[in-house]
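Residue-level listing of the chains:
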Amino acid sequence: KGFRIPSFNESFGLPTTGYTTTLVNCTTYAAFCAAHGNNAYATTQYSLGRTQTGNPALKSEKSTSWTLGAVIEPNRHLSFTVDYFNIKVKDLIGGIAASTQTAALDQYFRNNGVVNLPGITVKPQIADVQFPNALPLPGFIEYSYSNADSQTVEGLDFGANANFDIGPVNWNSSFEATYVLKYQVVRDDGSVER
């Protein structure tokens, strides 16, 4: 059993913004593009800010892990190991899932800028100078860290060690490898990333 407390940034961090370049799909959101006369404001790429803030209400991540292994030593100079490991983490601290961002933008475009997702705020960019009364492009998606996800990792570790005296020289060699059987994150919206 294990745990990880939230970092100072995850709990109390000031807003931090990163930008991604995106484009409005004028087929899906034809009404938005038409309201802007299908001009460059609505149809060209723009920068969308993703602002993340600390959350003092975060809980600690909790984990359960176990391993099972074997050591084979045919002689004192040679050994082989194989280990199975399984790690599960609950209340994984993370940001916004890609599917949640997509849902927030979908609500923004379909509901005239209104987004009803808990903990998510979408702020508009400056208005289109040609169509100042039309819904502006989304400028920032704001959200906090949350304990929404879980993670599972399992796999096999392999190792080999050799130690031989060759005259005045002692020769040592080792080999290690990991084979990951499963690595998945289950997001708060039910989506699974592998």
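For the structure itself, look to the data block above.
One structure accompanies this document, and this report is about it. (Residues numbered from 1 in each chain as written. Predicted model: local features only at pLDDT ≥ 70, side-chain atom pairs only at ≥ 80, totals over all residues. Heavy atoms only, no water.)

There is a patch of nonpolar side chains on the surface, built from Val-82, Phe-158, Phe-175, Tyr-179 and Leu-181 and spanning about 480 Å² of accessible area. In this structure, Tyr-179 sits in strand β9 (residues 169-186). (Patch = residues over 30% accessible without salt bridge, like charges linked within 9 Å, V, L, I, M, F, W, Y side chains within 5 Å. Areas by Shrake-Rupley, 256 points an atom, 1.4 Å probe, with all protein chains shown as cover. Salt bridge = Lys/Arg side-chain N within 4 Å of Asp/Glu carboxyl O. Helix = DSSP H or I, 4+ residues; strand = E, 2+ residues; numbered from the N terminus.)

Turning our attention to the layout of surface pockets. By volume, the largest pocket amounts to about 210 Å³. Of the residues assigned to the lining of the largest pocket, the class counts are six nonpolar, five polar and one charged. (1 Å grid on protein atoms, 1.4 Å probe; cavity = no way out; pocket = protein on both sides within 12 Å on 5 of 7 lines; lining within 4 Å. Points joined across faces, edges and corners; volume = space filled by probe spheres on them. Nonpolar A, V, L, I, M, F, W, Y, C, P; charged D, E, K, R; others polar.)

On to a positive patch on the surface. Taken together, the side chains of Lys-1, Lys-88, Lys-90, Lys-182 and Arg-194 make up a positively charged region of the molecular surface. Tracing the backbone shows Lys-88 in strand β5 (residues 78-94). (Lys, Arg positive; Asp, Glu negative; His and termini not counted. Charge placed at Lys NZ, Arg CZ, Asp CG, Glu CD.)

Pairing is antiparallel across the open sheet formed by six strands, whose spatial order is β1-β4-β5-β8-β9-β10. The sheet is open, and its two borders are formed by β1 (2-4) and β10 (192-193), each paired with just one other strand. As defined by bridge partners, strand β8 (residues 146-166) adjoins β9 across 17 bridges and the pair is classed as antiparallel. Paired with Ile-166 across the strands is Val-169, a residue of β9. (Pairing = 2+ DSSP bridges.)

Okay, the sheet that holds strand β7 (residues 138-144) next. The strand order across the open sheet formed by four strands is β2-β3-β7-β6, and the pairing between neighbours is mixed. Two strands lie at the open edges of the sheet, namely β2 (16-22) and β6 (121-124), each paired on one side alone. Mean inter-strand twist for the sheet, computed between neighbouring axes without regard to direction, equals 25 degrees. Across four bridges, β6 lies against β7 in antiparallel orientation. Its bridge partner lying in β7, Val-122 is registered against Ile-141. Contacts from helix α4 (residues 98-110) reach β3 (46-53), β6 and β7 within the one sheet, and its direction differs from that of β7 by about 135 degrees. (Axes fitted to C-alpha atoms, helices over the stretch in contact; angles between N-to-C directions. Contact = heavy atoms within 4.5 Å.)

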